[in-house]
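For reference, the chains in residue letters:
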Amino acid sequence: MGLLVDGQWVDKWYETDKNDGKFERQASQFRDEISPDVNAKFPAENHRYHLYVSLACPWAHRTLIYRKLKGLEAIIGLSVVSPDMLEHGWSFGSFPEATGDTLYGHDFLHQLYTSVNDTITTRVTVPVLWDKKEKTIVNNESADIIRMFNSAFNEMTGNRLDFYPKPLHNQIDETNHFVYHNINNGVYKAGFATTQQAYEEAVSALFDALEEIETRLEGQSYLVGDQLTEADWRLFTTLIRFDAVYVGHFKCNIKRIADFPNLSRYVEMLYLHPGVSDTVNMAHIKRHYYYSHAHINPTQVIPIGPELPFIK
Ligand SMILES: N[C@@H](CCC(=O)N[C@@H](CS)C(=O)NCC(=O)O)C(=O)O
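It should be emphasised that the depicted structure is a prediction, and the values quoted were computed from it without experimental measurement.

Draft legend 1. The arrangement of the pairing of strand S11 (residues 136–139) in detail. One ladder, built from three bridges, connects strand S10 (residues 128–131) with S11; its direction is antiparallel. Bridge pairing links tryptophan 130 to isoleucine 137 in S11. The hairpin turn running from S10 into S11, its antiparallel successor, is four residues long, and lysine 135 in that turn takes a positive phi close to 50 degrees.

Draft legend 2. Molecular detail of the UniProt feature "domain: GST C-terminal" (unreviewed entry) in the protein chain. Taking the UniProt record as the reference, the feature "domain: GST C-terminal" (unreviewed entry) is found at residues 165–292. Span residues 165–292 is 65% helix and 0% strand, its end C-alpha atoms 38 Å apart.

Draft legend 3. Spotlight on the site of the ligand. Taken together, the residues surrounding the ligand are Leu3, Ser28, Cys57, Trp59, Arg123, Val124, Thr125, Val126, Pro127, Glu141, Ser142 and Ala143. Grouping the amino acids of the shell around the ligand by side-chain chemistry returns seven nonpolar, three polar and two charged.

Draft legend 4. Representation of the sheet that holds strand S6 (residues 77–80) within the structure. Strand order in the open sheet formed by four strands is S6-S5-S10-S11, with mixed pairing between adjacent strands. Edge positions in the sheet fall to S6 and S11, since each has one partner strand and no second. When strand polarity is set aside, the average angle formed by the axes of neighbouring strands in this sheet is 35 degrees. In the sheet, strand S5 (residues 49–53) pairs with S10 via four bridges, with the strands oriented antiparallel. Residue pairing in the sheet places tyrosine 52 in a bridge with valine 128 of S10.

Draft legend 5. Quick look at the sheet that holds strand S2 (residues 8–10). Read from one edge to the other, the open sheet built from three strands follows the order S2-S1-S9, with strand pairing classed as antiparallel. Strand pairing shows two members of the sheet lacking a second neighbour, S2 and strand S9 (122–123), which therefore form its edges. Examined bridge by bridge, strand S1 (residues 3–5) and S2 share three bridges and lie antiparallel to one another. What sits directly across from leucine 3, in S2, is valine 10.

Draft legend 6. Region of the structure containing the domain arrangement of the protein chain. Looking at the assigned domains, one finds that the protein chain contains domain 1 (3–157) and domain 2 (166–273). A C-alpha centroid distance of 24 Å is found between domain 1 and domain 2. Contacts between the two partners involve twelve residues from domain 1 and, on the opposite side, 16 residues from domain 2. Among the elements that make up the side of domain 1 that touches domain 2, the one with the highest residue count is helix H1 (residues 58–69) (four residues). Of the residues belonging to the side of domain 1 that touches domain 2, the class tally is five nonpolar, three polar and four charged.

Draft legend 7. Broad picture of the environment of leucine 72. Structurally, leucine 72 can be placed in the loop between H1 and S6. Between the C-alpha atom of leucine 72 and that of isoleucine 296, which follows or precedes it by 224 residues, the distance is 37 Å. Excluding its chain neighbours within four sequence positions, the residues that come into contact with leucine 72 are Arg67, Phe149, Phe153 and Thr157.

Draft legend 8. The packing of helix H5 (residues 169–184) against helix H8 (residues 230–246), seen in detail. Interhelical geometry of H5 versus H8 gives an angle of 10 degrees and a closest axis separation of 9 Å. As far as their axial angle goes, H8 and H5 are roughly parallel. Where H5 abuts H8, its residues Ile172, Thr175, Asn176, Val179, Ile183 and Asn184 lie against Glu230, Ala231, Arg234, Leu235 and Thr238.

Draft legend 9. Examining helix H10 (residues 282–292) more closely. Across the eleven residues that make up H10, a large majority, eight, are buried. Taken together, the buried positions of H10 are His284, Ile285, Lys286, Arg287, His288, Tyr289, Tyr290 and Ser292. Summarising the contacts, the buried residues of H10 are in contact with strand S7 (85–86) and H8.

Draft legend 10. Layout of the environment of phenylalanine 42. With respect to the helices and strands, phenylalanine 42 occurs in strand S4 (residues 42–43). The residues touching phenylalanine 42, leaving out its near neighbours within four places in the chain, are Asp32, Glu33, Ile34, Ser35, Asp131 and Val138.

Conventions and cut-offs
- Residues numbered from 1 in each chain as written.
- Predicted model: local features only at pLDDT ≥ 70, side-chain atom pairs only at ≥ 80, totals over all residues.
- Pairing = 2+ DSSP bridges.
- Helix = DSSP H or I, 4+ residues; strand = E, 2+ residues; numbered from the N terminus.
- UniProt positions renumbered as here; feature names shortened; annotations may be inferred.
- Near = placed C-beta within 6 Å.
- Nonpolar A, V, L, I, M, F, W, Y, C, P; charged D, E, K, R; others polar.
- Axes fitted to C-alpha atoms, helices over the stretch in contact; angles between N-to-C directions.
- Domains from an automatic or database assignment.
- Contact = placed C-beta atoms within 7 Å.
- Parallel < 35°, antiparallel > 145°, perpendicular 65-115°, else oblique.
- Buried ≥ 20, exposed ≤ 12 C-beta atoms within 10 Å, placed from the backbone.

Here's what the structure looks like:
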């Protein structure tokens, strides 16, 4: 685990000392956009773009779901890192279903970042949306990438599924904001907190938010407008990891998702949505968290359980 400072890899953990033990996520640096406009800087083109992901990562998982459901697998290539994120950060080491760097054969993901800018200072995160033509990172923010995947390639694929329909923009954005701060990032704030108070604040906000979503799902199947939207996919990738890793490893253990009837039904429904189960890899998920965060789990022993009834 570490980051690039002036193009050099530095092996160090997140800084929480100056912030009362609180984990603060840094903003993604590459925020360009692929557009259907042929004159755009990054126009939608067949075989031009490539996605680097970890199957363990909930942020990268969003992009994998969209690549699948929007019919982009034949258009956008894929490289899957090893789940082990150790002293060199994300690496292309061997592990079942890790592909290696299928474009350049790099050993480490930070080499991809420094190939764009050899004096860059940045965290080296997945997902990365890569442009093979310009040999650069288009975007490394999952929230942006799924918006592009939702619409930029529609002409090419003929796939017009819309998970961000215009009339629901405000409601989706509001829900995303609530879910991001309290749940998606909330589990990380709990897990990476280094003081009791920071941990308790994060866990309380997390479970208050889960209770609120549980209530919202009482009379409806989806979060917004009673139709499947981006808001659901963004929540799903955290919920599917919850009982397997966040309850134990991140100490988010007031309840399990299995203890919330509506959330359980909801996560199972989304998991069973055609194509989605292919994007869920529990071996990578459990291995990544329990093996990579040595300060939380120094023995790197990975628990066998829990039983997850509907997961193949
Ligand atoms: N805001 C980013 C966050 C991505 C992110 O933090 N990914 C994690 C893996 S789950 C990562 O690569 N962490 C490495 C690091 O923070 O150095 C996004 O949503 O794309």
